[in-house]
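In case you want the letters, here they are:
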Amino acid sequence: AIRQQAKILATKGFSHFEIAGGDDLKLLKESLPDLVNALKTEVSKVNPASRVSICLVPMYEKNYSDLKKVGLDCVLTWQETYDEDLYNYHIPSGPKAWGVDENLKLQKKSDKSIGFLHRLQSQEFSIRAGLQAGLGAMIGLSPTTEADILSVVMHGQKLLSHYGIPCNQ
């Protein structure tokens, strides 16, 4: 069904496709590589410049590198908010709160900063794996909207100053 829908959308001119799966660790472990490969293969037949992105639980450089090999182009990670206390309040449990290890297993730990920090590192892991990275915050969580907006800008500037802009982007 995904192949059929992707082909229809690609023939209508769509060229960017995003797989969003929330916190589904089973999807990450069992289906994601095949799903990325199938989607990239199908849309590239119609438009060789088509791109496949994911917006899922943050992973590690090795995980992203493996996904790049099967056709992934970009990783999008929403920080939710750059205020760690507010983040932990809204995300008290699960993969977003505790993070996952390189085997994509939930890391239930008492240190609440792990999930928050892992999300912040997601873009660096994806860039080092040779992927494009996207970032953002959920506007409305923070009582000071401007703080999260400026944090996204500053985070992006930091990534650009450290990693630069790849020639093929």
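Now for a quick tour of the structure. Keep in mind that what you see is a predicted model, and the values were worked out from it rather than measured.

## Considerations on the nonpolar core
Membership of the largest hydrophobic core comes to 26 residues, with the highest contact counts inside it found for Leu32 and Ile54. Broken down by secondary-structure element, the contributors of at least two residues to this core are α1 (2–11), β1 (16–22), α2 (25–46), β2 (51–56) and α3 (61–69). Per-element accounting of this core gives the leading share, eight residues, to α2. For Ile54, the contacting residues outside a window of four places in its chain are Ile19, Leu32, Val36, Met59, Tyr64, Leu67, Leu72, Cys74, Val75 and Leu76. Residues Tyr87, Ile91, Ala97 and Trp98 belong to the second largest nonpolar core, which totals five residues.

## Overview of α3
Listed in full, the buried residues belonging to α3 are Asn63, Tyr64 and Leu67. Taken end-on, α3 shows its buried residues confined to a sector of 95°, consistent with a single buried face. As for α3, its buried residues are in contact with α2, β2, β3 (74–78) and α6 (113–128). One or two positions beyond α3, positive phi appears at Gly71, with a value near 120°.

## Details of the pairing of β2
Within β2, six of the six residues are buried, leaving the element largely enclosed by the surrounding structure. Side chains Arg51, Ser53 and Cys55 project from β2 onto one buried face, and the interleaved Val52, Ile54 and Leu56 project onto a second face that is buried too. One ladder, built from six bridges, connects β1 with β2; its direction is parallel. Directly across from Ala20, in β2, lies its bridge partner Cys55. Sheet analysis places β2 next to β3, joined by two bridges and oriented parallel. Bridge pairing links Ser53 to Cys74 in β3.

## Focus on the sheet that holds β1
Strand order in the open sheet formed by four strands is β1-β2-β3-β4, and the pairing between neighbours is parallel. In this open sheet, the two strands that pair with only one neighbour each are β1 and β4 (132–136). Geometrically, the sheet is characterised by an average inter-axis angle of 20° between neighbouring strands, direction not taken into account. Alignment of β3 against β4, held across five bridges, turns out to be parallel. What sits directly across from Trp78, in β4, is Gly136.

Parameters at a glance
Residues numbered from 1 in each chain as written. Predicted model: local features only at pLDDT ≥ 70, side-chain atom pairs only at ≥ 80, totals over all residues. Heavy atoms only, no water. Core = buried A, V, L, I, M, F, W, Y, C linked by side-chain atoms within 4.5 Å. Buried < 20%, exposed > 50% of the residue type's maximum accessible area, 1.4 Å probe, protein only. Helix = DSSP H or I, 4+ residues; strand = E, 2+ residues; numbered from the N terminus. Contact = heavy atoms within 4.5 Å. Arc of directions from axis to C-beta. Pairing = 2+ DSSP bridges. Axes fitted to C-alpha atoms, helices over the stretch in contact; angles between N-to-C directions.

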